[in-house]
Amino acid sequence: MLDLSDVQAEALARLEAKHRAREAALATSRKATRAAANAIRATHRGDRERAESLLGESAEALRGAKAACAGQPEVEHAGFLADAQKEYAEAGTTFALITGKPLPGPRDLGVGEAAWLNGLAETVGELRRHLLDVLRSGDLERSESLLAAMDDIYAMLVTIDYPEGVTAGLRRSTDVARAIIERTRGDLTLALVQARLEKALTAHARDVLGSDPG
């Protein structure tokens, strides 16, 4: 008869520690993700104070998740922590680009490089949303500035030439960003053409008819 009690006890203790770490890290990662998503919504609503507060909550939750993974590398690299970091990076870079603050890097946000790059790629979609809001208000100059920022992000992302295992699927995120940018360029181009046409018609009416058209 084999006496496996000691080995079993040790294995169970290790599994229990891993399980506790996973549950704690998963809960705080989800909290970080929710706070980041709400920060993005607050940013689009123009509620900067609320957005900054939520970004702080997300950052704090990420620190808690990281601490919960101490001594458990399998848990730390299971994927959910990196996903939460990506969402926080997206929220942080979206807030900065929309509010005109300096763009935070991976070290500023305390996230991994792959998470930051993928978060920045997803920020392109948030910039499109903001651009369309600005475009509806008639601010063409601001719209062009936002499209230029989107182009700059894409131009940087395409220079990252490392295996997908290193960049966590950045190539796909970059392809999605490119498609978003091209749709946005088309929308903005139509708006610019329409604005120029309206301006030309107004000028023509003033010169020839002596009044505004309508």
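Relevant structure appears above.
Bear in mind the structure is a predicted one, so any value in this text is a computation, not a measurement. (Residues numbered from 1 in each chain as written. Predicted model: local features only at pLDDT ≥ 70, side-chain atom pairs only at ≥ 80, totals over all residues. Heavy atoms only, no water.)

**A few points about the nonpolar core**
Stage number 1. Formed by 47 residues in total, the largest nonpolar core has its most connected members in Leu62, Tyr88, Val111, Trp116, Val124 and Met150.
Stage number 2. For this core, the secondary-structure elements that each account for two or more residues are α1 (5-45), α2 (48-68), α4 (80-99), α6 (113-136), α7 (140-157) and α9 (170-209). (Core = buried A, V, L, I, M, F, W, Y, C linked by side-chain atoms within 4.5 Å. Buried < 20%, exposed > 50% of the residue type's maximum accessible area, 1.4 Å probe, protein only. Helix = DSSP H or I, 4+ residues; strand = E, 2+ residues; numbered from the N terminus.)

**With respect to the environment of aspartate 161**
Stage number 1. Positionally, aspartate 161 belongs in the loop between α7 and α8 (164-167).
Stage number 2. Judged by its relative accessible area of 64%, aspartate 161 falls in the exposed class.
Stage number 3. Separated by 10 residues in sequence, aspartate 161 and arginine 171 have C-alpha atoms that sit 8.7 Å apart.

**Structural notes on the layout of surface pockets**
Stage number 1. Put simply, the largest pocket is a space of about 350 Å³.
Stage number 2. Lining the largest pocket are 18 residues, with Ala82, Asp83, Gln85, Ala114 and Ala115 sitting closest to its centre.
Stage number 3. Put simply, the parts of the chain that give the lining of the largest pocket at least two residues each are α4 and α6.
Stage number 4. Here the element with the most residues in the lining of the largest pocket is α4; it accounts for 5 residues.
Stage number 5. Class assignment of the residues belonging to the lining of the largest pocket gives a composition of 6 nonpolar, 7 polar and 5 charged. (1 Å grid on protein atoms, 1.4 Å probe; cavity = no way out; pocket = protein on both sides within 12 Å on 5 of 7 lines; lining within 4 Å. Points joined across faces, edges and corners; volume = space filled by probe spheres on them. Nonpolar A, V, L, I, M, F, W, Y, C, P; charged D, E, K, R; others polar.)

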